[in-house]
Structures are given as structure tokens and as C-alpha cells.
Amino acid sequence: MRSAIVVADTGAPAAVHGVHGAAGVTEWTCLARRVGLTGAWEAVEWARVPVGGVSGEHLHTRTREIYVLLAGEGEATLDGRPYPVRSGDAVLTAVGTRHGLRNTGAEPLEWLVIELPADPAEEDPDRAGDDGGRRVGSTVITDLRRAGPLDPSAVIGGPLRLLHHAELAPGESTGLVADGAEHTVFVTGGGGRTDAGSVRAPLRPGTALTLPHGTAAGLAAGPSGLAYVHAELVLPGGERR
């Protein structure tokens, strides 16, 4: 196993003006990108808008996109229909869906973005999905913690087969192995450490780990436990473990 995991954090975000045509500033950080990864990733990102801030409505013509709400509350729009969302919710959008996000709460709205390339033919509403003939679509998952582990491919198609909010009790540990799959983890609460061969790094809220194919990493919770969002992408011919 290699030890070339990607460790990133949200400590120094860029200020992006006029995201998707909306007024105002969005704080943004790229946590991982497809360079160096084997699977069909586009990027893993973090974003935050202030009270009243907007990520403008836009149409993705070649990518699927998943938002996991990390803090605050707001309104997600899917093809013109508004949905109230708050910390802990997930928004799954298929290619060809017009979507946007508005902060309607009293604190900044933060979210994790997982973006995946898609077959442009999926824009055709008469085309079946690419997983056993299922149609692809878009949806809002209310409270990812309560919903438990999800298979996003059942909604938006594609190779992302696991999305969940996991927790480790104080002193508990677990391991991730990128064999036939690749993983990304974003810490949402508590703290701890990761050990990936020669790579050892602290884990705290805002830390992201991405495991390319052929790597492995251990996660160990500190005295306050460890909470994180975990997504797993299956490689061609791979099986989720």
C-alpha cells in the first residue's frame, strides 16, 4: 500500500466573487481534485456564504454534484422548486439539474461539495440511468445522520456508492483501505489523528483526507470523539469493502 494520501483543510479559503452569477462573496477551498486520483472524481470542495448569501442557480451539463450541509440553514433550489435545508442534510443533483443554494439563517452557511463527471447523454430525460436501468434524478436527503449510509448512485447514477456521516467514540479507531475504491473524509466534529504509513496528521473540524487507489489510512478519535462525512467511490471492476 502507498502512503500518498491527500490531507487538506479549510483554514485559508479563497474569496470568490459572484459565484454562478450571484452577488456577494463565497469563501471556497478545493480539498482534492481528479489529478492524482484513479476514480471518476471532478473535485472535493468546501464553501461558505454569509447571512443572506447565495450560490446562484446554475445548470451542470457534464457533472453530478453532492452538497452536504455542515453549518447553518438555507434553501436549496432544484429545477425551480425550493427545499429548506440545514446542517446535516444532503442535496444530490444529477447532470442536467438546475440548482442553487441560499443562506436564510442567522449564521454562515457551510457545505461540502463532491463533484463527479457524468455522461452528457444523461441530460436526455428519456434515457435510463447507468445502474441497472434506473432513472437518474435529484433529491434532498433530510438529516444524513438519521438516514444512515446511502448509495448515491441509486439517485444520481455514477460510481459514488457510499455517503454517510460516521462517528467514533472517544479512543475508538477504524481503518480505510482504497482497494478497488477511493475514499474522501471530511471531519465535522471532535478530533483525533490519522496514520497512513509515513503520514501522520491531526484531525480536527475542517480537515479532509482523500485516499487514492492503493493507499490505506487509520482514523483514531481523541477524548471528544470524532465525527466525519465519508464518501466512497468504486473504481471500474472494483467492489466496495
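Bear in mind that the values here come from a model prediction, so they are computed numbers and not experimental data. (Residues numbered from 1 in each chain as written. Predicted model: local features only at pLDDT ≥ 70, side-chain atom pairs only at ≥ 80, totals over all residues. Heavy atoms only, no water.)

Hey, could you go over the overall build of the protein chain for me, with residue numbers and the actual values?
Per the secondary structure count, the protein chain includes two helices and 18 strands. A total of 241 residues make up the protein chain; the buried ones form 52% of that total. Long-range contacts, defined here as pairs at least 24 residues apart, represent 68% of the contacts in the protein chain between residues at least 6 apart. Summed over all atoms, the accessible surface of the protein chain reaches about 10,600 Å², with 49% contributed by carbon and sulfur. (Helix = DSSP H or I, 4+ residues; strand = E, 2+ residues; numbered from the N terminus. Buried < 20%, exposed > 50% of the residue type's maximum accessible area, 1.4 Å probe, protein only. Contact = heavy atoms within 4.5 Å. Areas by Shrake-Rupley, 256 points an atom, 1.4 Å probe, with all protein chains shown as cover.)

Could you give me a rundown of the pairing of strand E3 (residues 25–33), with the residues and numbers involved?
In regular strands, side chains alternate between the two faces of the sheet. Strand direction decides the pairing type here: strand E2 (residues 14–17) and E3, joined by four bridges, are antiparallel. Within E3, the residue paired with Ala 15 across the bridge is Glu 27. Across six bridges, the pairing between E3 and strand E4 (residues 43–49) is antiparallel. Its bridge partner being in E4, Arg 33 is matched across the sheet by Ala 43. (Pairing = 2+ DSSP bridges.)

Can you break down the sheet that holds strand E9 (residues 90–93) residue by residue, with the values?
Hydrogen bonding along the main chain pairs the strands of a sheet, whether they run parallel or antiparallel. Here we have seven strands laid out as an open sheet, ordered E2-E3-E4-E11-E6-E9-E12, and antiparallel in their pairing. Strands at the two margins of the open sheet, each flanked by one partner only, are E2 and strand E12 (139–141). Going from strand to strand, the sheet's axes swing by 25 degrees on average, the running direction of each strand aside. (Axes fitted to C-alpha atoms, helices over the stretch in contact; angles between N-to-C directions.)

Now, about unusual backbone geometry: what can you tell me, with residues and values included?
Residues other than glycine seldom take positive phi values, yet Asp 79 does so here, at roughly 50 degrees. When you line up the elements, Asp 79 lands in the loop between strand E7 (73–78) and strand E8 (81–86). On the basis of relative accessibility, which here comes to 54%, the residue Asp 79 falls in the exposed class. Positive phi outside glycine occurs at Asp 143, with the angle close to 65 degrees. The topology assignment puts Asp 143 in the loop between E12 and helix H1 (144–147).

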